[in-house]
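# Survey of secondary and tertiary structure
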Amino acid sequence: MNSTKPSRGRLAAPALLAAAALGTGLLAAAPATPAAASTDTAEARSVGRFLITLHEGAGTGGKVIGSARLNCLPTTGSTHPRPAQACRMMERAGGQFSMLPAQKAVCPTVHKPVTVVAKGYWKSTARLYAQIYPNTCEASARSSGVFNLSR
């Protein structure tokens, strides 16, 4: 039986293309620590620090429609609109964006793709995540609100 709802698996291939456009590929959990973390003592004491960027369209070449810094434990310096909530969800997911549980949400069926790129580190482990979502509502719902950068 065919489902009309796109599966997460179908979105993975475009996400790989988006990451390839970054010239780095996807890193689920690289053993390296970002260079800045070794020199910045505030980052060394932090559980996690990420730069989250939302691009219009299916790829990183589109207009940036949102960007925020997410600092976790402490959240000081975050520009994310809800850093405490986002950090709680990241803690539950073990710092893995791909493990964030989806929230129940009624999203429009409008196809206006966005590409989310999140890069930084969690507990001294470098992270890079790129994913294409059908629209901003789906990006927010499928990330427990972590990718909701609206104020």
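Placed above this text is the structure.
First, a word on what this report is: a plain description of the structure on this page. (Residues numbered from 1 in each chain as written. Predicted model: local features only at pLDDT ≥ 70, side-chain atom pairs only at ≥ 80, totals over all residues. Heavy atoms only, no water.)

## Observations regarding the overall build of the chain
We apply this condition: Comment: elements are numbered from the N terminus, with helices defined as DSSP H or I runs of at least four residues and strands as E runs of at least two. Accessibility here uses a 1.4 Å probe with only protein chains present; expressed as a share of the type maximum, an area under 20% marks a residue as buried, one over 50% as exposed, and anything in between as partly exposed. Throughout, a contact is declared for two residues whenever any of their heavy atoms are within 4.5 Å.
The number of helices and strands found in the chain is five helices and five strands. The order of α-helices and β-strands along the chain, N terminus first, is α-β-α-α-β-β-α-β-β-α. Counting only residues that meet the buried cut, the chain has 42% of its 151 residues in that class. Pairs at least 24 residues apart make up 62% of the contacts formed inside the chain by residues separated by at least 6 positions.

## Describing the pairing of strand 5 (residues 125–133)
Here is the rule: Criterion used throughout: strands pair if DSSP finds at least two bridges between them.
Most of strand 5 sits out of view: eight of its nine residues are buried. Pairing of strand 4 (residues 114–122) with strand 5, which is carried by nine bridges, proceeds in the antiparallel orientation. Among the inter-strand pairings, Val117 is bridged to a residue of strand 5, identified as Ala130. Linking strand 4 back to strand 5 in an antiparallel pair, the connection comprises two residues, with Lys123 at a positive phi of about 50°.

## Focus on the nonpolar core
As a reminder, the rule being used: Residues belong to a common nonpolar core when they are buried Ala, Val, Leu, Ile, Met, Phe, Trp, Tyr or Cys residues joined through side-chain atoms within 4.5 Å.
Membership of the largest hydrophobic core comes to 24 residues, with the highest contact counts inside it found for Ile52, Leu70, Met90, Phe97, Val146 and Phe147. Residue assignment for this core shows that the elements contributing at least two residues are strand 2 (48–56), strand 3 (64–72), helix 4 (83–92), strand 4 and strand 5. When neighbours within four sequence positions are excluded, Phe147 is seen to be in contact with Ile52, Leu54, Phe97, Val116, Ala118, Tyr129, Tyr133 and Ala139.

## A closer look at the state of the cysteines
The bond known as a disulfide is covalent and runs between the sulfur atoms of two cysteines. Heads up, the condition is: Any pair of cysteine sulfurs within 2.5 Å is marked as a disulfide.
Here the structure, examined in full by the defined rule, presents two disulfides. There is a disulfide in this structure between Cys72 and Cys87, and the S-S distance comes to 2.1 Å. With the S-S dihedral at roughly -85°, the linkage between Cys72 and Cys87 falls on the left-handed side. Of this pair, Cys72 sits in strand 3 while Cys87 is found in helix 4, placing the two residues 15 residues apart along the sequence. Of the two residues examined, Cys72 and Cys87, each falls in the buried class. Within the chain, bonded cysteines paired by disulfides and numbered along the sequence follow the pattern 1-2, 3-4.

Functional significance is not addressed by these values, which are geometric in nature.
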